[in-house]
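Listed below are the residues making up each chain.
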Amino acid sequence: MKVRDRLRISPATQQLLSRALSLALIGLLAVGIERGNVGIIVNSGVAILVTQLPALLERDYGITLDPALTLWITSAAFFHALGTVGLPGSEENFYVTIWWWDHFTHALSSSVVAAVGYTTVRALDEHTDEISIPSRFMFVFLLLFVMAFGVLWEVIEFSITLAASATGNDTILTQFGLSDTMLDLVFDAIGAIIVAIWGTAHLTGVVGHVETLLDRQSQ
């Protein structure tokens, strides 16, 4: 049974929540502009672009995402952007004031990355007989895929922080040190494990859409 069925959340409610979070992101962008905070502006702007991905896939490729998947992607983008803002009147954001916020957003974001990897590989597996991926290898692949992406992300964070420090500017991403980086990778792995366990139940539909797209392009 899917999580939404257990929680009894209808597709219409999921769509409403996705729209509400998208509008909230515009509000966060406005907060960043009002404060003149480059970090909030950049992170909120990127998050807004990410929330447009489901509509882009449907418009350009005919891939219609389940409302739950759209909410999943939107939530990951929203909570990351919200973490850069913090409480009104506070100079420190949630990434600094709430110890678990960074780990929570890493697990959520990495689950989305794992979902992309799972969908792509499963679609290729179904599309051609030349590729055969055992279920056990899929689990290992997702872990390696997400961990590789996680390491790349940490390198980006570290590089941006160094560049900001060298130029005397505020960083747009928060880097808390080596121990925090190791914990981030642990939570990245947790996100991958979640998708590896429940991916079949929640991603079968979008896998079918991607497979159909691959079939059309190969004809």
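Residues numbered from 1 in each chain as written. Predicted model: local features only at pLDDT ≥ 70, side-chain atom pairs only at ≥ 80, totals over all residues. Heavy atoms only, no water.

> What exactly am I supposed to notice about the packing of helix 5 (residues 67-83) against helix 7 (residues 101-127) here?
Axis angle and axis distance: for two packed helices, these are the angle between their axes and the distance between the axes, and together they describe the pair. Where helix 5 contacts helix 7, the two axes come as close as 9 Å, and the packing angle between them is 150°. By the angle between their directions, the pair helix 5 and helix 7 is classed as roughly antiparallel. Crossing handedness for the pair helix 5 and helix 7: left-handed. Here Trp72, Ile73, Ser75, Ala76, Phe79, His80, Leu82 and Gly83 of helix 5 lie close against helix 7, whose contacting residues are Trp101, Phe104, Thr105, Leu108, Ser109, Ser111, Val112 and Ala115. Its residues assigned to classes, the contact of helix 5 with helix 7 shows ten nonpolar, six polar and no charged. (Axes fitted to C-alpha atoms, helices over the stretch in contact; angles between N-to-C directions. Helix = DSSP H or I, 4+ residues; strand = E, 2+ residues; numbered from the N terminus. Parallel < 35°, antiparallel > 145°, perpendicular 65-115°, else oblique. Left-handed = near helix turned anticlockwise from the far one by under 90°. Contact = heavy atoms within 4.5 Å. Nonpolar A, V, L, I, M, F, W, Y, C, P; charged D, E, K, R; others polar.)

> Just checking my understanding: could you explain the domain arrangement of the protein for this structure?
As far as domains go, the protein holds domain 1 (10-96) and domain 2 (98-218). Each partner contributes residues to the interface: domain 1 has 22 residues there, and domain 2 has 22 residues. Carbon and sulfur atoms supply 74% of the area that domain 1 and domain 2 bury against each other, a total of about 1,800 Å² over both sides. When residues of domain 1 are sorted by the area they lose upon contact with domain 2, Trp72, Phe94 and Tyr95 head the list and together hold 34% of the total. One can count zero salt bridges joining domain 1 with domain 2. At the boundary of domain 1 with domain 2, the tally comes to four residue pairs in polar contact (both at pLDDT 80 or more). Sorting the residues of the side of domain 1 that touches domain 2 by element identifies helix 3 (38-51), helix 5 and helix 6 (94-97) as the ones contributing at least two each. For the side of domain 1 that touches domain 2, the element with the most residues is helix 5, which contributes nine residues. (Domains from an automatic or database assignment. Buried area = accessible area lost by both parts, 1.4 Å probe. Salt bridge = Lys/Arg side-chain N within 4 Å of Asp/Glu carboxyl O. Polar contact = N/O pair within 3.5 Å; in protein donor to acceptor, adjacent residues only side chain to side chain.)

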